[in-house]
Amino acid sequence: MKYFSASFYYVNYRVLGTIIGQTYRRFRLRIWLVSVLFVTLYLLNQFIHLVFRLADEIFYPGFHKKKIEEPVFIISNPRSGTTYLHRLIALDKERFAFTKFSHTFQMTTSFAKFYNLIRWIDRNMLRGIITHTMDRVDEKFWGGWDDIHALGFNKTEEDEMVFAQMMMSVGVYIPFPYFHLTEDTKFLDKETDDVRKNVMDFYESSVKRFMHANDPSKTYLAKNVMSTGRFKTLMQRFPDAKIIYIARHPYDAVPSFASMFSSMYKLYSPPIPDNDPAKKTWARLGIDYFKYSQEMKRLLPPSQFYMLKYDDLLADPQGTVLKIYHHFNWQPGEKFLEKLKKEEVRNRQYKSNHEYSLEQYGFTKQEVYAELGPIMDELGFDKEF
């Protein structure tokens, strides 16, 4: 459904209808309560978002003339280091503009201006009281995710929320254990031309609104783990874009993907086993995304595409980032290099406390290698069986 035009607001209500329909068809009290809360918060966010977008049209109409030139998209399977790389490159604040978690809920000029005003008041008049309060709220709401995906309203974050607001993100199925019953949202590139155009109209408008509130000399930097399935659509809309892709061994990335995106299923009773189709489908999507990434590598020119390995990023973060800069002919500034070195030292001792196996989710290494063998061999990933 379009609100006036897709660039103003677009929602694929068919997906929301699927969620509501499956919730009531497979009635469980906890899922029903989650569904009610989800729909309520979704509609509330939509209303607030519409107000901010309307404010843009009245007070900041210049965003329409904004051109998004050479945006940078960091893409990979989930749990492959995209957040880490995104936050490292985002240290280069002289070159890039990027969303924080707060921005992604209301990606508009008016909200970005309001956010900057509140930050200025907090720093200069309130001695950081608001920041301190929000940090405590972050710890309360997102603290349990710190070792999975560190979240926070003031942390650099991907822009997947924009697609979720359109009901065109697999993320909308995270609270609901029936992702296996639908093909909706998995691959935007496989949707009809009309849907793809509407989604990109809304997305481009959102990026323009956000960038209009920033220094016009800056480049939009985004990371989005679900954009593997929409890279062709992104490149059609932004033909001069640059894509950075991180490859992680599928034996690690695929089960980690499934674990993260099915983590809310533990709320339900009786417990859902790991090899249930509701969870296995997330692992299946991880395999499909890994396959699809090879089309990305084949179709994009080297001047617009750079692939790196997850292990190399962890082993040498600073060196990896500088290789990316060299590939795209970006000149790193002294302030950025200093921040990059400090961040590398700070994260050098990081090690995840979570370990997952393919077998948990109903796959074997032999099955995965049978599908991904040529890709794994090319990347130098050991088949390990």
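The residue count restarts for each chain, going from 1 along the sequence in the order it is written. Owing to the predicted nature of the model, reporting of local features is limited to residues with pLDDT of at least 70; listing and counting of side-chain atom pairs is limited to 80 or more, with chain, interface and lining totals taken over all residues. As a rule here, side-chain values come from all non-hydrogen atoms in the structure, and water together with hydrogens is ignored.

Brief notes about the sheet that holds strand E5 (residues 219-223)
Where strands meet in a sheet, backbone hydrogen bonds hold them as pairs that are either parallel or antiparallel. When DSSP finds at least two bridges between two strands, those strands are taken to pair. Only DSSP runs of H or I reaching four residues or more are called helices, and only runs of E reaching two or more are called strands; each is numbered from the N terminus. A sheet is described by the order of its strands in space; here 5 strands give the open sequence E4-E5-E3-E6-E7, paired in parallel fashion. With partners counted over all chains shown, the strands left at the sheet margins are strand E4 (96-97) and strand E7 (305-309), one partner each. As paired elements, strand E3 (residues 72-76) and E5 share 3 bridges and run parallel to each other. Counterpart to Val72 in the pairing with E5 is Leu221. Between two residues, a contact is recorded if the distance between any of their heavy atoms is within 4.5 Å. To get an axis, fit a line to the C-alpha atoms, keeping to the stretch in contact for a helix; angles then go from 0 to 180 degrees between the N-to-C directions. Helix H8 (residues 193-212) rests against E3, E4 and E5 of the sheet, and its axis sits at about 125° to E5.

Observations concerning the layout of surface pockets
Points on a 1 Å grid, built from protein atoms alone, make a cavity when a 1.4 Å probe fits but cannot get out and make a pocket when they are open with protein on both sides within 12 Å along at least 5 of 7 lines; residues with an atom within 4 Å of a point are the lining residues. Grid points are joined across faces, edges and corners, and a volume is the space filled by probe spheres set on the points. As a volume, the second largest pocket reaches approximately 390 Å³. For the lining of the second largest pocket, the secondary-structure elements that each account for two or more residues are E4 and helix H5 (109-124). When residues of the lining of the second largest pocket are assigned to their parent elements, the largest contribution, 5 residues, is made by H5. All residues other than Ala, Val, Leu, Ile, Met, Phe, Trp, Tyr, Cys, Pro, Asp, Glu, Lys and Arg, Gly among them, are scored as polar; the first ten of these are nonpolar and the last four charged. Grouping the amino acids of the lining of the second largest pocket by side-chain chemistry returns 7 nonpolar, 3 polar and 6 charged.

Overview of the pairing of E5
Along any regular strand the residues' side chains alternate between the sheet's two faces. Relative accessibility thresholds used throughout: buried, under 20% of the residue-type maximum; exposed, over 50%; partly exposed, between the two (1.4 Å probe, protein chains only). For E5, a buried count of 5 out of 5 residues is recorded, marking the element as mostly surrounded by other parts of the structure. By the alternation rule, side chains of E5 split into Thr219, Leu221 and Lys223 and Tyr220 and Ala222, which are all buried. The pairing of E4 with E5 spans 2 bridges and is classified as parallel. Across the sheet, the residue bridging to Ala97 is Tyr220, located in E5.

As for the side chain of Glu160
Among the secondary structure elements, Glu160 is positioned in helix H7 (residues 160-165). Accessibility expressed as a relative area gives 8% for Glu160, which makes it buried. The definition of a polar contact used here is a pair of N or O atoms within 3.5 Å, where within protein one atom must be able to donate a hydrogen and the other to accept one, and adjacent residues in sequence count solely through side-chain atom pairs. Within polar-contact distance, the side chain of Glu160 engages the side chain of Asn224 at 2.9 Å. Among residues more than four places away in sequence, those in contact with Glu160 are Ser169, Val170, Asn224, Met226 and Arg230.

So, a nonpolar patch on the surface
Surface patches are defined over residues having more than 30% relative accessible area and no salt bridge, joining like charges when they lie within 9 Å and nonpolar side chains (Val, Leu, Ile, Met, Phe, Trp, Tyr) when within 5 Å. A 1.4 Å probe and the Shrake-Rupley method give the accessible areas. Residues count as covered only by the protein chains that appear here. Counted as salt bridges are all cases of a side-chain nitrogen of Lys or Arg within 4 Å of a carboxyl oxygen of Asp or Glu. On the surface, Leu37, Leu41, Leu44, Phe47, Ile48 and Val51 cluster together into a nonpolar patch covering about 570 Å² of accessible area. Tracing the sequence through the fold places Leu44 in helix H2 (residues 29-59). With a relative accessible area of 48%, Leu44 lands in the partly exposed category.

A look at helix H10 (residues 250-261)
How far a helix is expected to stretch is found by multiplying one less than its residue total by 1.5 Å. Here H10 is 12 residues long and its end C-alpha atoms lie 16 Å apart, about the 16 Å a rise of 1.5 Å per residue gives. Among the 12 residues of H10, 11 are classified as buried, and the element is accordingly described as predominantly covered. Residues of H10 that are buried: Pro250, Tyr251, Ala253, Val254, Pro255, Ser256, Phe257, Ala258, Ser259, Met260 and Phe261. Buried residues along H10 sit in contact with helix H11 (277-299) and helix H15 (365-379).

In short, shape yes, function no, at least from these values alone.
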